[in-house]
Amino acid sequence: MVYHPFVTRVVPGMVMRRERMLPLRGEVLVSTGARVRPADVVARTQVPGEMRLLNVARALRLDDGDLSPYLRVSIGDAVEQGDVLAAGSGVSRLFGGTYRSPVSGVVGGASHGRVLIQSDRRPLELVAHYRGTVLNVMSGLGAIIEVRGALIQGIWGSDKAGFGVVKCMVDDPAQDLDPEAIDMSCRGSVLVAGRCPDESSLRRAKEMDVQGLVVGSLDAGLLDVVQAMPFPVVVTEGMGDYAISGPVFDLLRAYEGQEASVSGFTQPRGGAVRPEVIIYASFAGEGAEPETRPQFVLDLGSQVRIVRGPHTGKTGVVTHLSQGDGTPLGGSRVREIAIRLDGGEEALVAQPNLELFG
Amino acid sequence: MEQEYRLESFLVADCGSTTTRVALIDLVGDEFRLVAQGQTATTVEAPWSRISTGVREAIRQVERSTGRLLLFDQEQLIVPERENGSGVDGLVATVNAATPLRADVVGLIRDLSVESMLTATDCSYVDVQTVVARDERMASAGPSTVLRAGNGGGIQALMGETLQNRADVILLSGGTDGGAIAPVLESARDVAAVLSTFEEGGRVHVVYAGNRGMRPEIVAVLADCSSLHVVDNVRPTLDKEDLAGAEEEISRLYHEVKMGRVPGFGELKSWVAAPMLTTAEGLGLVLRYLARLHKLDVLAVDVGSSATHLAGVIGGRYGSTVSARLGVGYSIGRVLDEAGLEGLLQWLPFQMDPGEAHNRIVNKGLRPMTIPDTEEDLLLEQAAARAAIALTLERARSRWIGAQAPLYAGLVPPVDLVIGRGAVLTEAPKAGQAALILLDGLQPTGVCTLALDQASLLPQLGALASVHPVAAAQALARDGLFRLGTAIALTGTGKEGSVALKLKVEYDDGRTLRVEVPYGSLEVIPLVTGKRAVVEMRPSSRFDVGLGSRGRGATTEVDGGAVGIIVDARGRPLALPREGEKRRAKIQEWMVELGL
């Protein structure tokens, strides 16, 4: 038995809690116990666009920076370009001291002789993104939603979220996404393929208003294009030419036609966030396991996935925990683990290149 | 700290962003020695979210390898050491598992106060997001980020934009003591106006390190809308830089805002016998100790998963540069951004498809704990290490690695000892690989000992020194450094193949070896660990061996090591052949010479 801290969750039925939080304080529109669907708005706020910090005191030649006697606007006031923000008096009036706003916007603040104008304030509506029940409301900030479904964690994702029906575009987990196969029937779907080979597939998916894409791998050279797509892309294995792991593909196939929430948000450090697909299979809630901290023990029989080297993406079970002192390339203190791959093949893999899986 | 028992055994831990290591230091005979080590993945991120989990696991590994009980009920550390030999007398730890402190730098003149403040940020794990200087528009600090042009609204307009990014700290400087007042006050008011607007304003730290005479005004403007810290002016006069106050405050803020908020930090803190240091601080203490004790000029580079740290003592002056976003694991993508694919691939002895290299690098960043599985993968990661070192050195050179002699302008001046640490170096399969990474990345000049912190102990020994200096010193002397050998690096350029150095090596058994080393080559002369030899060096008129003068010869005694004596006659600055095939052939030739 060996402590082994790397885990990827691929679970057919799980009860999860997911936070939906506004970037700025606003108004929460749901209450505890409410049932929500992915498109439901759960909270809203106003987000500022461009900010302009205007040194009004200097323009009015006020040495002490105290603007309050001269201000003609208050915080929260809407102003148009050319509106008077402040007007001088006394000596400064001799210099024709009137300060007009160079931009339209809302007065965000006024202090230390400056006035801050927030232009292009726009409403932000935060949708539930998940189907579930509101478990808790954080006043003015957001809500926690309890979700039941299948969970598939990815390794990389584009910073988007989407919701749609799972649609497998390939029969084989190693097969490329064919742009020709992306047609009107894909509208609103979360597409699944082994690999995203090129830009044309992505552009076609965009044209067809696809809601998400789950692939085993794609080329790192496509990352900028992927990030520019309006839908989330989740990569399950890594960059390059890797098929989707068998168990991941099987789970997605099993739940084809079911609705899924796809989140591509990835943050490796400072509160790690992994991209994920949650599928609301009708039977996924039955006997669903709670999302607890996973076990970190690698033992004989543990289900693992290989995450580096020629067997990347392959899954199997541990058959032997080597007592050996290392691998030829990977450093002297690294243990090797024997694995029987799902296809029956045996492989010896450095422990850091494995993760617990399932 | 009051102790009612003698301190005779310690666990020393280092929690990096990817790997946590724990070592047992104990009295062996009458000397403190490294007895056992354990290492595991750092458990600071989800789903573990508790740094102490990994420390416990590494301690359990030490338990298994020594048979000594260290954790009570597998949970609590047994302190002090018991009669039956279980437990230890204390634990010390260094940490760099936190994310960097996000800072904006605001000042008056880009080349004076702003530059000084940027240099001060090198002391710790700081990610400078934006730089605002009143004498220019706004430029972001990193070469990888886009220069943003002014929008016509002046610096005040840009400031609003700048401060929206919610930095942890705003570093404000400007004006010499007794000098400019109005522009400094203007900058402070800009900052205050924006902070006052945001609800979160009060939580943003502001460090003021400008004109001393402005302090009352600065307090009046900023105290109510920020968490204000006033320190000594980084530029008290035009020609004097004083970074100590700013560096101390930046380090303190990193401890408070970042390190102290690492999940599980409180539990780890409750175990330790001395204040926890950052890995960079611990390494700095050891380097200063080594320099003082042995009267050495020393340079160390720590290539980690998320950060690269270059520190040293040259001419009695300590300097340190932490590149908080350059590393060979989590931060390998940033190395790629800054060095470019060509900058990495130029170090490979074989051709690699750029797309394939890009894929491998991104994958390493996504799974930084994984280790190379093929020779190609290994050499690609080692190439990234060279680039991370070179990029960090570039910053350090412009700030503290200043060369006295004109011959070394733009180079690392001769030092006595070069130390490498970080798994990419210490766990390189062959010692020659680590030596070559150090030579390529740092390009040391003159004669120096190359060593590795093989046991990954140095920062922790720095922390241990505050509790038990003797234990730290003895463990450092006996187990701290793994000698790779002695490098003799020639400065200058010449004609490929022409003799650059004539060398006579007298071994202590009386044997003598005479070698002529051609320009452009690397030559390894056997000298095993524990042996010394007297080396007589006669460089040609175009080359210097670290004496500050071309053609000047010298005789010196050198140490052996795992590699031996490495004569680096590739010249300084090292210029790789531009043409791909020729370059790869040359790199292969160097690798063969080093037995790789």
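Residues numbered from 1 in each chain as written. Chains lettered and ligands numbered in written order. Predicted model: local features only at pLDDT ≥ 70, side-chain atom pairs only at ≥ 80, totals over all residues.

1. Things to note about the overall build of chain B
- Looking only at helices and strands, chain B features 16 helices and 25 strands.
- Its C-alpha atoms give chain B a radius of gyration of 25 Å, near enough to 25 Å, the size a compact globule of 596 residues would have.
- The C-alpha extent of chain B, read off along each of the three principal axes, is 75 × 65 × 50 Å.
- Partitioning the contacts of chain B with sequence separation of at least 6, the portion at a separation of at least 24 is 70%. (Helix = DSSP H or I, 4+ residues; strand = E, 2+ residues; numbered from the N terminus. Rg over C-alpha atoms; globule rule 2.2 N^0.38 Å. Contact = placed C-beta atoms within 7 Å.)

2. A closer look at unusual backbone geometry
- Backbone torsion omega between Val79(B) and Pro80(B) reads 0 degrees, so that peptide bond is classified as cis.
- In this fold, Pro80(B) is placed in the loop between strand 5 (76-77) and strand 6 (90-95).
- Cis rather than trans, the peptide bond between Arg572(B) and Pro573(B) has omega equal to -5 degrees.
- By secondary structure assignment, the location of Pro573(B) is in the loop between strand 25 (564-569) and helix 16 (580-593).
- Unlike most non-glycine residues, His112(A) shows phi in positive territory, near 50 degrees.

3. Some thoughts on the packing of helix 9 (residues 332-345) of chain B against helix 10 (residues 354-366) of chain B
Residues and elements named next belong to chain B.
- One way to put it is that helix 9 packs onto helix 10 with a least axis distance of 11 Å and a crossing angle of 155 degrees. Judged by the inter-axis angle, helix 9 sits roughly antiparallel to helix 10. Between helix 9 and helix 10 lies a crossing whose hand is right-handed. Contact residues: Ile-332, Gly-333, Leu-336, Leu-341, Leu-344 and Leu-345 in helix 9; Pro-354, Ala-357, His-358, Ile-361, Val-362, Lys-364 and Gly-365 in helix 10.
- Its residues placed into classes, the contact of helix 9 with helix 10 shows 9 nonpolar, 3 polar and 1 charged. (Axes fitted to C-alpha atoms, helices over the stretch in contact; angles between N-to-C directions. Parallel < 35°, antiparallel > 145°, perpendicular 65-115°, else oblique. Left-handed = near helix turned anticlockwise from the far one by under 90°. Nonpolar A, V, L, I, M, F, W, Y, C, P; charged D, E, K, R; others polar.)

4. Description of the sheet that holds strand 29 (residues 354-357) of chain A
Residue and element names in this part refer to chain A.
- Strand order in this open sheet of 6 strands is 2-29-25-26-27-28, and the pairing throughout is mixed. Two strands in the sheet have a free side with no partner beyond their single neighbour: strand 2 (7-8) and strand 28 (346-350).
- Pairing of strand 26 (residues 315-321) with strand 27 (residues 336-341) involves 5 bridges; the strand directions are antiparallel. Across the sheet, residue Leu-321 finds its bridge partner in strand 27, namely Ile-337. (Pairing = 2+ DSSP bridges.)

5. Focus: the pairing of strand 14 (residues 132-138) of chain A
Residues and elements named next belong to chain A.
- Two strands pair when backbone bridges link them, and strand 5 (residues 35-36) and strand 14 are joined in this way by 2 bridges, in the antiparallel orientation. Residue Arg-35 lies in a different strand from strand 14, and its bridge partner there is Thr-133.
- The pairing of strand 14 with strand 15 (residues 142-153) spans 6 bridges and is antiparallel. Bridging from a neighbouring strand, Thr-133 pairs with Glu-146 of strand 15.
- Adjacent in sequence and paired antiparallel, strand 14 and strand 15 are bridged by 3 residues, among which Gly-140 carries a positive phi angle near 75 degrees.

6. Some remarks on the pairing of strand 11 (residues 105-111) of chain A
Residues and elements named next belong to chain A.
- Judged by how many residues are buried, strand 11 sits mostly within the fold: 6 of 7 residues are covered.
- In terms of strand pairing, strand 8 (residues 78-79) meets strand 11 through 2 bridges, oriented antiparallel. Residue pairing for strand 11: Ala-78 is matched across the bridge by Val-106.
- Taking the residues that link successive antiparallel strands as the turn, the strand 11-strand 12 (residues 114-118) hairpin has 2 residues, and the phi of His-112 there is positive, at about 50 degrees. (Buried ≥ 20, exposed ≤ 12 C-beta atoms within 10 Å, placed from the backbone.)

7. Looking at helix 9 of chain B
Residues and elements named next belong to chain B.
- The end-to-end C-alpha distance of helix 9 is 14 Å, clearly below the 20 Å that 14 residues give at a rise of 1.5 Å each.
- Approximately 95 degrees is the largest bend angle found in helix 9, and it occurs at Ala-339.
- Ile-332, Gly-333, Arg-334, Val-335, Leu-336, Ala-339, Leu-344 and Leu-345 are the residues of helix 9 that are buried.
- For helix 9, the secondary structure elements touched by its buried residues are helix 10 and helix 11 (375-399). (Expected span 1.5 Å × (residues − 1). Bend = angle between axes of the 7 residues up to and from the residue.)

8. A look at the packing of helix 9 of chain B against helix 11 of chain B
Residues and elements named next belong to chain B.
- Where helix 9 meets helix 11, the closest approach of the two axes is 9 Å, and the angle between their N-to-C directions is 105 degrees. In this view, helix 9 runs roughly perpendicular relative to helix 11, as classed from their interaxial angle. Packed against helix 9, whose contacting residues are Ile-332, Val-335, Glu-338, Ala-339, Gly-343 and Leu-344, the element helix 11 presents Ala-383, Ala-384, Ala-387, Ala-388 and Leu-391 at the interface.
- Looking at the contact of helix 9 with helix 11 residue by residue, the class counts come to 9 nonpolar, 1 polar and 1 charged.

9. Side note on the environment of Pro268(A)
- Its location among the elements puts Pro268(A) in the loop between strand 21 (259-263) and strand 22 (276-279).
- Pro268(A) sits 113 residues away from Ile155(A) along the chain, and the two C-alpha atoms are 9.5 Å apart.

10. Observations concerning the confidence of the model for chain B
All names here are of chain B.
- Summing up the model confidence of chain B, the mean pLDDT is 90 and the portion of residues at 70 or higher is 93%.
- Overall, residues 138-154 carries pLDDT values under 50, and its contacts beyond four positions in sequence, including any with other chains, amount to 26 contacts.
- Predicted as a complex, the structure gets a pTM of 0.92 and an ipTM equal to 0.90. (pLDDT = per-residue confidence, 0-100.)

11. Examining the sheet that holds strand 23 (residues 532-539) of chain B
Residues and elements named next belong to chain B.
- Ordered in space as 21-20-23-24, the 4 strands form an open sheet in which the pairing is antiparallel. Strands with a single pairing partner mark the edges of an open sheet, and in this sheet they are strand 21 (512-518) and strand 24 (554-559). Strand-to-strand twist across the sheet, computed as the mean angle between neighbouring axes with direction ignored, equals 25 degrees.
- Where strand 23 lies against strand 24, 6 bridges are found, and the strand directions are antiparallel. Within strand 24, the position partnered with Val-535 by the bridge is Thr-556.

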